[in-house]
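Survey of secondary and tertiary structure
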Amino acid sequence: MVAGSNITVDGNGGSATPYVISATGAAVDCDDVRPCLSAGPGATYDPVTGVIAAEISTDAGNQVTIGGDGGLYAPPGGGGSTALAVTDTQTVDLTLAGDGSAGNPYTVSADVLLDPAPPGGSNLIQEGPDGLYVDCPQVRSCLSAGPGATYDPVTGVIGANVSPGPGNQVVINPDGGLFVPAGGAGGTALAVTDTPTVDLGLTGTGAAGDPYTVTADVVLDSAPPGGGTNLLKEGPDGLFVECDTVRTCLSAGDGIEYDAATGEISAFLSGDAGNQVVFGGDGGLYAPSAAPVELEVGCGLAGDGSAGAPLAAAVTAWPYPCDLDVEGGLVYCDSAGNLRSEPRAKYQYFTGTLNELFPGNPTVPATTTTGGTTVTTRTLDITNPDTCRPAIAITSVEVDVDFVIPPGGRAGHFVYGDEMYRFENRGSATVSDVHTQTTKVIGNTTIPPGATITISVDIGLGFGLGGATYNRIQHFMRAMVFAL
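The text that follows walks through the structure, step by step, so that each part is easy to find. Residue indices follow the written sequence of each chain, beginning from 1 at its first position. The model is predicted, so local features are restricted to residues of pLDDT at least 70 and side-chain atom pairs to those at 80 or more, both for listing and for counting; the totals for chains, interfaces and linings are taken over all residues. Excluded from the side-chain calculation are hydrogens and water; included are all heavy atoms of the structure.

Before going further, it helps to spend a moment on the sheet that holds strand S34 (residues 452-465). Only strands that DSSP links by at least two bridges are regarded as paired with each other. Secondary structure elements follow DSSP: runs of H or I no shorter than four residues count as helices, runs of E no shorter than two count as strands, and numbering proceeds from the N terminus. Taken together, the four strands give an open sheet; going across it, the order is S28-S34-S30-S31, and neighbouring strands pair in antiparallel fashion. At either end of the open sheet lies a strand with only one pairing partner, and these are strand S28 (373-383) and strand S31 (418-424). Shown here is a sheet whose adjacent strand axes are inclined to one another by a mean of 15°, direction ignored. The pairing of S28 with S34 spans ten bridges and is classified as antiparallel. Each bridged residue has a counterpart across the sheet, and for Thr377 the counterpart in S34 is Asp458. Every axis in this analysis is a line fitted to C-alpha atoms, fitted for helices over the stretch in contact. Angles between the N-to-C directions lie between 0 and 180 degrees.

Another point: the pattern of salt bridges. Salt bridge criterion: a side-chain nitrogen from Lys or Arg within 4 Å of a carboxyl oxygen from Asp or Glu. Applying the stated rule across the entire model yields eleven salt bridges. Measuring nitrogen to oxygen at the nearest pair gives 2.8 Å for the salt bridge that ties Asp334 to Arg340. Within this structure, Asp400, Asp402 and Arg472 form a network of salt bridges that share partners.

Before going further, it helps to examine the nonpolar core. By size, the foremost hydrophobic cluster in this structure holds 29 residues, and its most contacted members are Val364, Ile382, Val397, Val401, Phe403, Tyr470 and Val481. A contact between two residues is defined here by any heavy atoms of the two lying within 4.5 Å. In contact with Val397, other than residues within four places in its own chain, are Val415, Thr438, Thr439, Lys440, Ile442, Val457, Phe476 and Met477. Nonpolar cores are built from buried Ala, Val, Leu, Ile, Met, Phe, Trp, Tyr and Cys residues. Side-chain atoms within 4.5 Å join them into one set. Accessible area is worked out with a 1.4 Å probe on protein chains only. A residue is then buried under 20% of its type maximum, exposed over 50%, and partly exposed in between.

What follows is about a negative patch on the surface. Together, Asp194, Asp199, Asp217 and Glu234 make up a region of like negative charge exposed at the surface. Within the secondary structure, Asp199 sits in strand S15 (residues 198-203). Its relative accessible area of 36% is what places Asp199 among the partly exposed residues. A patch consists of residues whose relative accessible area exceeds 30% and which take part in no salt bridge; residues with like charges are grouped when within 9 Å of each other, and nonpolar side chains (Val, Leu, Ile, Met, Phe, Trp, Tyr) when within 5 Å. Surface accessibility in these figures is a Shrake-Rupley result with a 1.4 Å probe; residues are shielded only by whichever protein chains are displayed. By the counting scheme adopted, Arg and Lys are positive, Glu and Asp are negative, and His together with the chain ends is not counted. Lysine's charge is taken at NZ, arginine's at CZ, aspartate's at CG and glutamate's at CD.

The next point concerns the packing of aromatic side chains. By convention, a stacked pair of Phe, Tyr or Trp rings (six-membered ring in the case of Trp) has centres within 6.5 Å and planes under 30 degrees apart, an edge-to-face pair has planes over 60 apart, and any other such pair is tilted. Tallied over the entire structure, the rule returns five aromatic pairs. Measuring from ring centre to ring centre gives 5.2 Å for Phe358 and Tyr470, while their planes differ by 65°; the resulting arrangement is edge-to-face. Of this pair, Phe358 sits in the loop between strand S27 (346-357) and S28 while Tyr470 is found in strand S35 (residues 469-483), placing the two residues 112 residues apart along the sequence. Note on accessibility: Phe358 and Tyr470 belong to one class, buried. Judged by centre distance (5.7 Å) and plane angle (15°), the rings of Phe414 and Phe463 are stacked. Of this pair, Phe414 sits in strand S30 (residues 410-415) while Phe463 is found in strand S34, placing the two residues 49 residues apart along the sequence. The pair formed by Phe414 and Phe463 is uniform in burial state, with each residue classed as buried. The ring of Phe463 has Arg422 lying over it, and the distance from NZ or CZ to the ring centre is 3.7 Å. Whether a charge lies above a ring is judged from NZ of Lys or CZ of Arg, which has to be within 6 Å of the ring centre and within 35 degrees of the ring normal.

Let us now look at the side chain of Asn230. One can find Asn230 in the loop between strand S16 (213-218) and strand S17 (233-235). Polar contacts, as used here, are pairs of N or O atoms within 3.5 Å; protein pairs need one atom able to donate a hydrogen and one able to accept it. Residues neighboring in sequence count only if both atoms are side-chain atoms. Polar contacts involving the side chain of Asn230 include one to the main-chain carbonyl oxygen of Asp221, which spans 2.8 Å. If we skip the residues at most four places from it in the chain, Asn230 touches Leu220, Asp221 and Pro224.

Let's shift gears to the environment of Gly206. Along the chain, the position of Gly206 falls in the loop between S15 and S16. Judged by its relative accessible area of 40%, Gly206 is partly exposed. When the C-alpha atoms of Gly206 and Leu190 are compared, they prove to be 8.0 Å apart, with 16 residues separating the residues in sequence. Not counting chain neighbours up to four residues away, the residues in contact with Gly206 comprise Pro211 and Tyr212.

Another aspect to go through is the side chain of Asp400. For Asp400, the position within the fold is in strand S29 (residues 391-405). The buried category is assigned to Asp400, whose relative accessible area is 4%. Polar contacts involving the side chain of Asp400 include one to the side chain of His435, which spans 3.0 Å.

Looking now at a nonpolar patch on the surface. Residues Val112, Ile125, Leu132, Val134 and Val139 make up a contiguous nonpolar surface patch of about 380 Å² in total accessible area. Looking at the secondary structure, you find Ile125 in the loop between strand S8 (107-112) and strand S9 (126-128).

Laid out in structure tokens, this is it:
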């Protein structure tokens, strides 16, 4: 019941007299109603003033605003906020930017994907500043000419390849097409070529009604290169050469008889006295065995040239115990036809000497090591007198050194590094020009054929002590050269 209201109920609730309720004196104002309301999602409500308004979400990307006329407003495309996503494929790469708002709209970009390594080879699609393209030069490289075709990969021109082989009936007609004349396709082309010996003729077209006809005539030389008459003749039945014609080409030379009429050739036997040649019983030439010729044998030869005593060099038995095949020398024939032995043995003797004074009497070195101190080197040139074989040289060296040795002094000389002489003064007086001539033989030295070599000998002094000096060195070098 509303406060301050008077309610009256009339009737008994039946169908004829239903209840009738009436009220008088009741009042409801705004303040009574406002508490009955509240705000739900999307709305705001002030229970004091009773103002109901739309609630605008503050979430990012909201396109709804209050329009200038006080109503809700969302710009075209913004109402309800569109979600956008992109998905790449094998051929297109998509990119999405922006959030779909008025200030940052969605931006979708797409790049075509070009396979860098296609299964069949190189990718012909190219990307340029104005888009994708495939131009002719790229495509032309994919083509090549097979049998019956020509192809220019630079221009891309494809043509028919017409074989230049003999008998080919296919040609390029003036209208650019392939052309085979009537009867030529699958037919037989025929041409003839003359030779120096046969003259060929050709008639007909090769058609069924006009077949090819080939004729041949042998060419006979009317003036052969030899300047004579051509023996080859032509008759009604063919070519021929007869015996009578050939016989005129032959004649008899020495030892031969020839009958040009019959063509018989036989041996001609000389009638000179002493001729031993006759015709044997079998018709062949025959000469009886001649008597043996006696040979006059000179120095170094033996035998008479007969089968039992053939001509041979006169030799004696090998008298040495060594093997003849290994150790025996050889015999040679010179340019004049003379027999020559191996080179003769050769020998040559060489000698050289020098007697050298040493003014000022140099002090003898105190060296005690092998060879002493070399004070001079003496040389001798020797030559192999044999130009065929190596030679062996045996060389001897004689050295004589004069020493001056005070009491208690000492000195010695060396040859080829070998100490040959040493003297020590144990007396009380100086010994002047004390010397002894020594000899040293140098081992075998090989000299190539005809060559010259130099033998060098170092002369050394040593063991110098007590002011010992030297004033003369004399040497003799002798070489004996053998070529055996």
